[in-house]
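These are the residues of each chain, in order.
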Amino acid sequence: MKLVDCHVHPNYSKDVVPDATIDLYCQRALELGIKELCFTVHYDTNPLREDLDDFVRVKGEVKSFDSDWVESYWQEIEEAKGKYGSSGLMVRAGLEVDYSPHIEEKLREFLSQNHFDFVLGAVHCLDHISIASSNEASNYFKKNNLAKLSQAYFETLFKAITSGLFPVLAHLDIYKKYGYDWYGPEILGIHSDYIHEVFKLMRQNGVGFEINTSGLRRPFADFYPSKEILLLARGSGVKPASLGSDCHRVEDLGFGIPEASQWVEANGLI
C-alpha cells in the first residue's frame, strides 16, 4: 500500500507549533516515503467558545476565521503542489471541522462557499467543553458519569453523521483520549450500545470514518477508533475512508501509518 497521511495540522491551527509549516511537512513526507498529504486546518467556530477557538494563524499573524485566511491557505497549498508534485507527492487542502448541532447552518454556509479537497467532521466538545483538550476535559468528566458521557457523545455524533456536512468523520472514540485516565479502562467499552447505530447511519448517509493513529501514543495504545470497533465496522459493511496521524508537529508526521496500513490490509478492511 502507498503511504498516505490525511490528517495533518499545519501551523494555521492554534494548537500547532509555529514551525510546522506546509513546506516542512512536505519535505518530511518525501523523507518518509509518504505519497499523499492532506492538510487539515482546525475549523472551530462555536460562538460560545469564541475566546478559546475562533482564530487561525496566517504567516504568524493571529486572525479571525472571518478573515481571508482561506485564500492564503490555498496559495500555500498550490505552491507546495508546484514544488513537490514532480517528486511524486500529492498535496491536498482540507479541514477538520468541529461539529456542534447549534452551529450546523453556519458550518453549512461556510462549506458551501469555500472549496476544500477533503473535510473531516469531528465531535470535540460536549456542553461547549472540549473533551479532546488536556486543559478542559476534566471539567466535563467531573460532572458526568460514563453513562451521561456516552449518551451525550453518541447523540451528537449521530447528528454529525446525518447533517450532510461531512464525507468522513474523525476519531470516532476520541472520548478515550483523556477519559481513559479519568474513568479507567471501562471507557473502552462505552460504544457497545451505540456503535451499530453509528454504522447504520453511516451506510444510510454515505459517510465514512478515518483511522487515526495518534492514539498509539496514549496509555491504551490503540487507534481511533479501536481495533475492536474496526472489526465491528468490517462486520457491518462499513470501511475506513482515510488514514491519518493527526500530527501537530513535523516530527510526528506519518506516526503509526505503516503499522495501521498493515493492520488494515491484514484484517480485510480495504
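The following refers to the structure shown.

Observations concerning the pairing of strand β5 (residues 90–98)
Burial runs high along β5: eight of the nine residues are buried. Here eight bridges tie strand β2 (residues 34–43) to β5, and the two strands are oriented parallel to one another. Each residue of the ladder has a partner; that of His 42, found in β5, is Glu 96. Both β5 and strand β6 (residues 118–122) contribute to a ladder of five bridges, which runs parallel. For Val 97, the partnering residue across the bridge sits in β6 and is Gly 121. Regarding the hand of the β-α-β motif, the stretch spanning β5, helix α4 (residues 104–113) and β6 is right-handed.

Comments concerning the side chain of Ser 72
As for its placement among the helices and strands, Ser 72 is situated in helix α3 (residues 69–84). In contact with Ser 72, not counting residues within four places along its chain, are Tyr 12, Val 58 and Lys 59.

Regarding the sheet that holds strand β1 (residues 3–8)
Pairing in this open sheet of seven strands is parallel, and the strands run β1-β2-β5-β6-β9-β10-β11 from one edge to the other. Bordering the open sheet on either side are β1 and β11 (240–244), each of which pairs with just one other strand. Contacting β2 and β5, α3 runs over the sheet at an angle of about 150° to β5.

Rules used throughout
Residues numbered from 1 in each chain as written. Predicted model: local features only at pLDDT ≥ 70, side-chain atom pairs only at ≥ 80, totals over all residues. Heavy atoms only, no water. Buried < 20%, exposed > 50% of the residue type's maximum accessible area, 1.4 Å probe, protein only. Helix = DSSP H or I, 4+ residues; strand = E, 2+ residues; numbered from the N terminus. Pairing = 2+ DSSP bridges. Right-handed = clockwise from strand over helix to strand, strands pointing away. Contact = heavy atoms within 4.5 Å. Axes fitted to C-alpha atoms, helices over the stretch in contact; angles between N-to-C directions.

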